[in-house]
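Structural characterization, general
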Amino acid sequence: MCCARDKDVLTGVASNLQASDKKFEIASNMQSVDEKSGISYEDEEDEMERDLAEDAVWKRIQQNTFTRWANEHLKSINKVINNLETDLSDGLKLIGLIEVLSGKKLPRHNKKTCFRSQKLENVSVALKFLEEDEGIKIVNIDSTDIVDCKLKLILGLIWTLILHYSISMPMWEGEDADLVLGSKGGPSPKQRLLGWIQSKVPDIPINNFTSDWNDGRAMGALVDAVAPGLCPDWPEWSPNNALQNASEAMGLANDWLNVPQLIRPEEMVNPKVDELSMMTYLSQYPNAKLQPGAPLHPRVNPNRVRCYGPGIEPAGVVCGAPTSFTVETFSAGKGDVQVFIENPIGHLEPVEVTFNNDRSRTYTVTYTAKMEGLHKVKVLFTGKEVPKSPYIVKVEGTAGDFKKVTASGPGLDPTGVMVGRPTYFDVFTKDAGKGQVEVIILDQLGNRNTTLYRLVKISEYVYRCEYVAQNIGVHSINVFFAGQQIPKSPFGVRVSPVADSRRIRAYGRGLQSNGVRVKELADFKVSTADTGEGDLDVKVIGPGGVKEKIEVKKVDETTYECIYKPMKEGRYIITISYGGQEIPRSPFEVNVGPHKESKIRAYGPGLKGGVVGLPAIFTVETNGETGSLGFAIEGPCQAKIDCQDNGDGSADICYLPTAPGQYAVHILCDNEDIPKSPYIAEILPKADFFPERVKAYGPGLEKNGVIQGQCTDFTIDARKAGNPSSLDVSVMDENYKSVDVKIQDNKDGTYKCTYCPTSKNKHTVQVNFAGSAISNSPFRVYVSEPTDSSKVKVFGPGVEKGVKAQIPTHFNVDAQGCGKGDLQILLTDEKGKQVPVQIQDNEDETYTVDYVSPTPGTYKVTVMFAGEEIPNSPIKVNIQPRVDVSKIKVDGLESSNVNSLRRKKIVVSMTLL
C-alpha cells in the first residue's frame, strides 16, 4: 500500500549541482576588490603584460606571502600548503581554510577525491558558501579555475579572503574616529589601513604600500609606535641599510608582537614589492600585542603627544563652567605632563591634570575660566612644549542653563547599539545659553578611551555625537553642557555583538515550498542565537501583491514563532530581515494549495524529531481512504526510508538521518501532501544514550487482554540505555484521542506506566526515549469491553421441548454487548457422560451450537462465558426416544391362552415420529 522515495536536499550542495558548469564571481585579480579600495590589478595591467614570466617578481612575492598567510591559519587544523598553485585543486584545503577563517562548518563534501567531478564539487561548495553564507562578492571565477590550477585566479581568491577576514572585518584598537566615521559609508580597506598607519607614524610620510617601505625605516617606526621602546633607534637608521633595517624591525615584531613574517625583509625592500602582499603583512599590526619580557628602551619624544577636546578649541569656552581636554602620550614614551592656563591679564588659572592609567596613557586636563578674553593653554611633556602648544582659547560669555539641554537619538537607546557599528545621538541646546557640549563615553569596565567618537555642530543649537563602541556590555554615555551633566545623563546603553543576519536560521512548515493549504495555520520559527541584537522584520506577500497578516511572537531570548493563515491559493513570498538585512535564502516562496479534507492520519516521534544515526519512526493510517501513499524526506543529508505495510490500512515508516538539522517529512497521497504535511523534525546530534536498548513489557502492551474501563500497566526498563534522558509515553485510542498515562519512576532505571482506557478497540502505545522510538514501539493494543455473563442469552430448538435422541439439533447463544470472552458449552447425560457439541462463531458475538444426543433422557447444558457460568445454567433438556411406543398398535391378539402352541398371525403397526 505504500511506497517510499528519498529526496536529498543538501545544505549548500544540491544533488543536481553541476560543479563544472556553475559560474562564480570573485572580486579578485581581474578587477577591484572593493569599489572604494583603489586597489586593482587593472591598474598594474601594463606592468604585468611586460612581465608575464612564471617567475615574475610580483607574482613570486605575492604567491609566497599568500601561502604563508594561509598556512598561519591552517596550523590550527594541522594542514599545510606547499604549493599554492596546486594544493587547492581538490578543494579540501580550501574548505579547511574557510572553516578556520569563518568559524563555521561547511556543508557536506567529498572527503576523498578520486575523480575530477568530486574535486569540482568540493570547490563549488567552498565558493557557494563564501557567496551565500559569508556575503562575499565574487566575480569571474568558477570551480574549474581552481581545479585546473590557474595561479592568477587562485591568487585573486586568496586576496579576497585576506581582504574580508584580515582587513575589512576586524576592529582595531586606537583607531581614529575620523577614519571610521569620516566619509559617507566609511573608508575603503586600503584607506582604513593606511590611515591607521599614518596616525601611528606621523614623523615619516607614508602614502603607499610599496616604495615608502623600501628603506626599512618606516617599518622600524611602526614597530616602535605599536610598542614604544621596542625599536627606539630607528630615527638613526640609514636608508642605505634597507635590508638590515627591515630585518631588525620585522624580527622584533615577530619575536615580541607575534607578527609572523608573511613577507620577507628582502621582499619588502625590493623595488617591485607587491602592494597586496604588504597590505597582508601590515594588517597584522593594528591588533598586535606586546609580549611579556620584551626588551623595551623607550625614547622620549614630545612631538608624538596628541591633545584634543573642547578645552583647547578656539571658541566655545565660557566663564564659570568647567571644561576639559585630553593629552595622549602613548607614542611619546614615559614622561611628566604639565599644563599651564594663562588668562588675559597674564595670571595662571588653577588646572587639574589626572592620569587615566589606560593603554593610550592619557591625561584628563580640567580648568574653569574666570574671565572673558583670550587664554593661552600650554602643554609640556618632559619639560618641552608639545606640537601646537600654546593653544589660544577665546573665553566668551557666562555658563548657560544645563537643565534646558536635551539629547536623543538611536545612540542613546537602551538597546540596539552594536559593537563596531557607527551610531549617533543629537544634543539640543536651544534656549540654554552659552556653554560647551562635552561627551564622555565609558565602557563596561569604566574605561573612557575605548570608544571612538566625534562631536560636531550641525546647526546653531544642535550638536551630533557619532560613535563606534568597540566592546560589548553596558556603556555609560555622559553628556555635559557648561561643565554640568544634562538631565537624564548618564545614559545607560547596552552594546551588543554585531547583528549578523547571515547566522539567522528560519525553519518550519510555513516556509516549505509545497504542502501548505488554504485556511491552514502555517507556522515557522526564526532563531537569532549568536547573531547580536537587531530588529526582526517578517513580511508575507500573497497573490496579487497583497500584504498578509502574520503574527510574530517571541518565544525566548533568541527564538521567534511566526504564524500566518493563507486564505487564497497561489504563490506567497515571505521575506525575513534582521538588523535591516535579509537572512540567507530569503525571500522564501510558498505555493499554497487548495483546501483539502483527508481521513489519513499520521503520528509518531519521527514527525517531531530524532537523533543522528537512530531510526526516526512514525505511523500513517489511511482509515479507508484510497490512493497511492508516498513519502519524501528533505533535510541536510540523504535519509533512507523503509516502509512496512501492516495490512490493516496502516504503515510504519522509518527513516535514518545521518546529519543534524531540520528535516521536512512529506506524506503524500497521489503525489500531493496530505493536510498538515510536511512535518518538521528536529534531528539532534548523536549523544551518549541508546534508545534501542530500552525494553518495555507488561499486560498493558499485550495485543489482547486489556479491558475497557479497567486500569492496566506495563514496565519500561532503561537501565542499559546510557545517560538518563527524557522519557515520553503516550496512549491514543482509535479516534486519536489521548489517554492519560501515569509514569512512576522506580529510581532504579525502570518505570511503571499505568493507563485506564475508556473506549474499546485499537489503542496505540508509543514509548520514546530521548526523542526516538524504543524497540517494537508503537505497540498496538486491542481493548475489549468488560464481560457481563448475565447478559448472555441461550435459545433455540436444542434447549426446548421435543428434542429426539439420535436426531441432530442446535441452539443459539447471543453474547452481544457482553464484552469479549470465550464461550464454553458442556452437554452431559443422566450419568454425567459428556456429549460432543460443535460451536460455530458467527463473528457478530453470536454462536450456533450443534449436537446429537445418543439416547433419551434428561441432559444438562452448562454455558460458560468469559470463565463464568451464565444465569439459568445448567439448562435441563428432556431428550425423547426416536420412536413413541404409546402410538404402537398390535392386531391379532384375541383372548386366548398365550401359552398355546397354536400359531396365530399378529399384525403390528407403528407410527414413526
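Thresholds applied
Residues numbered from 1 in each chain as written. Predicted model: local features only at pLDDT ≥ 70, side-chain atom pairs only at ≥ 80, totals over all residues. Heavy atoms only, no water. UniProt positions renumbered as here; feature names shortened; annotations may be inferred. Helix = DSSP H or I, 4+ residues; strand = E, 2+ residues; numbered from the N terminus. Contact = heavy atoms within 4.5 Å. Areas by Shrake-Rupley, 256 points an atom, 1.4 Å probe, with all protein chains shown as cover. Salt bridge = Lys/Arg side-chain N within 4 Å of Asp/Glu carboxyl O. Buried < 20%, exposed > 50% of the residue type's maximum accessible area, 1.4 Å probe, protein only. Pairing = 2+ DSSP bridges. Axes fitted to C-alpha atoms, helices over the stretch in contact; angles between N-to-C directions. Polar contact = N/O pair within 3.5 Å; in protein donor to acceptor, adjacent residues only side chain to side chain. Core = buried A, V, L, I, M, F, W, Y, C linked by side-chain atoms within 4.5 Å. Patch = residues over 30% accessible without salt bridge, like charges linked within 9 Å, V, L, I, M, F, W, Y side chains within 5 Å. Lys, Arg positive; Asp, Glu negative; His and termini not counted. Charge placed at Lys NZ, Arg CZ, Asp CG, Glu CD. Phe/Tyr/Trp six-rings, centres within 6.5 Å; stacked < 30°, edge-to-face > 60°. Expected span 1.5 Å × (residues − 1). Parallel < 35°, antiparallel > 145°, perpendicular 65-115°, else oblique. Left-handed = near helix turned anticlockwise from the far one by under 90°. Nonpolar A, V, L, I, M, F, W, Y, C, P; charged D, E, K, R; others polar.

Where an unreviewed UniProt entry is consulted, the protein appears under the name Filamin-A-like isoform X2, with the organism given as Limulus polyphemus. Taken directly from UniProt, the Sequence similarities (unreviewed entry) text for the protein runs: "Belongs to the filamin family."

Turning to the overall build of the protein, a few remarks are in order. A count of helical and extended segments in the protein gives 12 helices and 58 strands. Restricting to contacts in the protein with at least 6 residues of sequence separation, those with at least 24 account for 65%. Carbon together with sulfur atoms contributes 48% to the accessible area of the protein, which is approximately 44900 Å² in total.

In this structure the tally under the stated criterion is 23 salt bridges. Between K105 and E99 there is a salt bridge, with the nearest N and O atoms lying 4.0 Å from each other. Note on E99: relative accessible area 17%, which makes it buried. Between D203 and R304 there is a salt bridge whose closest N-O contact spans 3.4 Å. Of the two residues, D203 is situated in the loop between α8 (189-200) and α9 (217-226) and R304 in the loop between α12 (275-282) and β3 (306-308); the sequence distance between them amounts to 101 residues. Residue D203 is classed as partly exposed on the basis of its relative accessible area of 36%. Through salt bridges with shared partners, a single ionic network connects D203, D224 and R304.

With glycine set apart, most residues show a phi of negative sign, and most peptide bonds adopt trans. Residue P390 is reached from S389 by a cis peptide bond, and omega for that bond is 5°. Note that P390 resides in the loop between β10 (384-385) and β11 (391-395). Note that the residue after S489, namely P490, is joined by a cis bond; omega there is 5°. Looking at the element boundaries, P490 is found in the loop between β19 (484-485) and β20 (491-496). Positioned with a positive phi, N78 is a non-glycine residue whose angle comes to about 55°. With respect to the helices and strands, N78 occurs in the loop between α2 (57-74) and α3 (92-102).

Structurally, the position occupied by T528 is in the loop between β22 (522-527) and β23 (536-541). The class for T528 is buried, based on a relative accessible area of 5%. If we skip the residues at most four places from it in the chain, T528 touches I504, E557, T558, Y560 and Y578.

With that out of the way, let us pick up the sheet that holds strand β49 (residues 809-814). Spatial ordering of the open sheet is given by β48-β49-β53-β52, a layout of 4 strands whose pairing is antiparallel. In the strand order of this sheet, the two ends are held by β48 (793-795) and β52 (837-841), each with one partner. Ignoring strand direction, the axes of neighbouring strands in this sheet form an average angle of 20°. With 6 bridges connecting them, β49 and strand β53 (residues 846-851) associate as antiparallel partners. Of the residues in β53, the one forming a bridge with V813 is Y847.

So, about the side chain of T67. Mapped onto the fold, T67 is located in helix α2. Side-chain polar atoms of T67 contact the backbone oxygen of Q63, separated by 2.6 Å. Setting aside anything within four residues of it in sequence, one finds T67 in contact with I81 and L84.

With that settled, the discussion passes to the nonpolar core. Grouped together as the largest cluster of nonpolar side chains are 81 residues, with contacts concentrated most on W213, M219, L257, Y281, L282 and Y285. Looking at this core element by element, the count peaks at 12 residues for helix α6 (residues 151-168).

Let's shift gears to α9. When you tally the buried positions in α9, you get 10 out of 10 residues, the bulk of the element. Along α9, the positions that sit buried rather than exposed are R217, A218, M219, G220, A221, L222, V223, D224, A225 and V226. Elements that come into contact with the buried residues of α9 comprise α8, α10 (242-256), α11 (265-268) and α12.

Moving on, we come to a positive patch on the surface. Positive charge collects at one region of the surface, where K686, R693, K695 and K720 lie side by side. Examined against the element boundaries, K695 turns out to sit in strand β39 (residues 695-697).

Moving on, we come to the pairing of β22. Note: strand β21 (residues 505-507) against β22, 3 bridges, orientation antiparallel. The partner of A506 across the bridge, within β22, is V526. Sheet topology note: the β22/strand β26 (residues 559-564) ladder contains 6 bridges and is antiparallel. Bridge assignment links S527 to a residue of β26, and that residue is T559.

Let us look at the packing of aromatic side chains. For the coordinates displayed, the defined rule picks out 10 aromatic pairs. Ring geometry for F618 versus F631: centroids 6.0 Å apart, planes at 65°, classification edge-to-face. Taken together, the residues span a long stretch of sequence, with F618 in strand β32 (residues 616-621) and F631 in strand β33 (residues 629-634) at a distance of 13 residues. Each member of the pair, F618 as well as F631, carries the same accessibility label: buried.

Our next topic: α10. For α10, built from 15 residues, the straight-helix expectation of 21 Å at 1.5 Å per residue is met to within 8% by its first-to-last C-alpha distance of 21 Å. For α10, the set of buried residues is A242, N245, A246, A249, M250, G251, L252 and A253. On its buried face, α10 is in contact with α9, α11 and α12. Following α10 by one or two positions, N258 has its phi on the positive side, about 55°.

The next subject is the packing of α3 against helix α4 (residues 116-132). The interhelical angle for the contact between α3 and α4, taken along N-to-C directions, is 25°, at an axis separation of 8 Å. By the angle between their directions, the pair α3 and α4 is classed as roughly parallel. The chirality of how α3 crosses α4 is left-handed. Across the interface between the two elements, L92, L94, I95, I98 and S102 of α3 pack against N122, V123, A126, F129 and L130 of α4. The residue inventory of the contact of α3 with α4, partitioned by class, reads 8 nonpolar, 2 polar and no charged.

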